[in-house]
Amino acid sequence: MRTDIVVNQLSMLLPNKAYRENLEATEQLMALLSEKSQKPLVTVDDYKQFYEDSCLTFTSWEELVESEEEETDKLSEEELRNLIDCIIYELPCGWFIWFI
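Residues numbered from 1 in each chain as written. Predicted model: local features only at pLDDT ≥ 70, side-chain atom pairs only at ≥ 80, totals over all residues. Heavy atoms only, no water.

### Details of the packing of helix H1 (residues 4–13) against helix H3 (residues 44–54)
Then, number 1: Contact geometry for H1 and H3: axes closest at 10 Å, N-to-C directions at 35°. H3 is crossed by H1, and the crossing has right-handed handedness. Mapping the contact onto sequence places Val6, Gln9, Leu10 and Leu13 in H1 and Val44, Asp45, Tyr47 and Lys48 in H3.
Then, number 2: Residues that form the contact of H1 with H3 fall into these classes: 5 nonpolar, 1 polar and 2 charged. (Axes fitted to C-alpha atoms, helices over the stretch in contact; angles between N-to-C directions. Helix = DSSP H or I, 4+ residues; strand = E, 2+ residues; numbered from the N terminus. Left-handed = near helix turned anticlockwise from the far one by under 90°. Contact = heavy atoms within 4.5 Å. Nonpolar A, V, L, I, M, F, W, Y, C, P; charged D, E, K, R; others polar.)

As structure tokens, this is what we get:
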């Protein structure tokens with residue numbers, strides 16, 4: 001159950017500090033992780049571990065594209081767009097989650 005307390009706890013434990021300032025994004029992330037996980041995510045630690053093992057967060061499309069430009073085997077912006085709803089998902093708050 002995603003109570004305010006659980007959302008707040010997870011926001012403080014995630015390695016990406018942007019979640020600490022945006023509980024709405026944390027709750028949206030939890031919903032996405034629950035949807036994508038092959039096993040039930042029950043505890044805050046379940047969510048944290050799944051996130052750390054599987055995800056990168058970008059607070060804007062531009063940030064995602066710029067981060068990819070720094071990679072050796074970089075993908076073009078068009079290639080990244082083709083990955084939306086496959087391994088890159090946009091949260092309702094406008095942040096992007098990349099499952100790695």
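### Some thoughts on the sheet that holds strand E1 (residues 55–58)
Hydrogen bonds between backbone groups are what pair the strands of a sheet, and the pairing can be parallel or antiparallel.
Then, number 1: Spatially, E1-E3-E2 is the arrangement adopted by the 3 strands of the open sheet, whose pairing is antiparallel. Both edges of this open sheet fall to E1 and strand E2 (88–90), since each of them pairs with a single strand only. Taking each pair of neighbouring strands and ignoring which way they run, the sheet shows an average axis angle of 20°.
Then, number 2: Sheet analysis places E1 next to strand E3 (residues 96–99), joined by 4 bridges and oriented antiparallel. (Pairing = 2+ DSSP bridges.)

### Digging into helix H4 (residues 61–69)
Structural remark: α-helix, 3.6 residues per turn; residues separated by three or four positions point the same way.
Then, number 1: Here H4 has its buried residues at Trp61, Leu64, Val65, Ser67 and Glu68. Buried residues of H4 fall within an arc of 160° about the axis and therefore sit on the same side.
Then, number 2: Where H4 is buried, its residues touch E1, helix H5 (77–82), E2 and E3. (Buried < 20%, exposed > 50% of the residue type's maximum accessible area, 1.4 Å probe, protein only. Arc of directions from axis to C-beta.)

### Points about the pattern of salt bridges
Then, number 1: For the structure shown, the criterion picks out 3 salt bridges.
Then, number 2: Put simply, Lys48 and Glu52 hold a salt bridge, and the shortest N to O gap is 3.1 Å. Taken together, the residues span about one helical turn, with Lys48 and Glu52 both in helix H3 at a distance of 4 residues.
Then, number 3: Classification of Glu52 as partly exposed rests on a relative accessible area of 34%.
Then, number 4: In this structure, Glu77 and Arg81 form a salt bridge, with 3.0 Å as the shortest nitrogen-oxygen distance. (Salt bridge = Lys/Arg side-chain N within 4 Å of Asp/Glu carboxyl O.)

### As for H3
Then, number 1: Taken residue by residue, H3 has Val44, Tyr47, Phe50, Tyr51 and Ser54 as its buried positions. Looking down the long axis of H3, one finds its buried residues gathered within 140° of arc, a one-sided arrangement. Counted as exposed and oriented over 90 degrees from the buried face of H3: Asp45 and Asp53.
Then, number 2: Of the surrounding secondary structure, the elements contacted by the buried residues of H3 are H1, helix H2 (23–36), E1 and E3.

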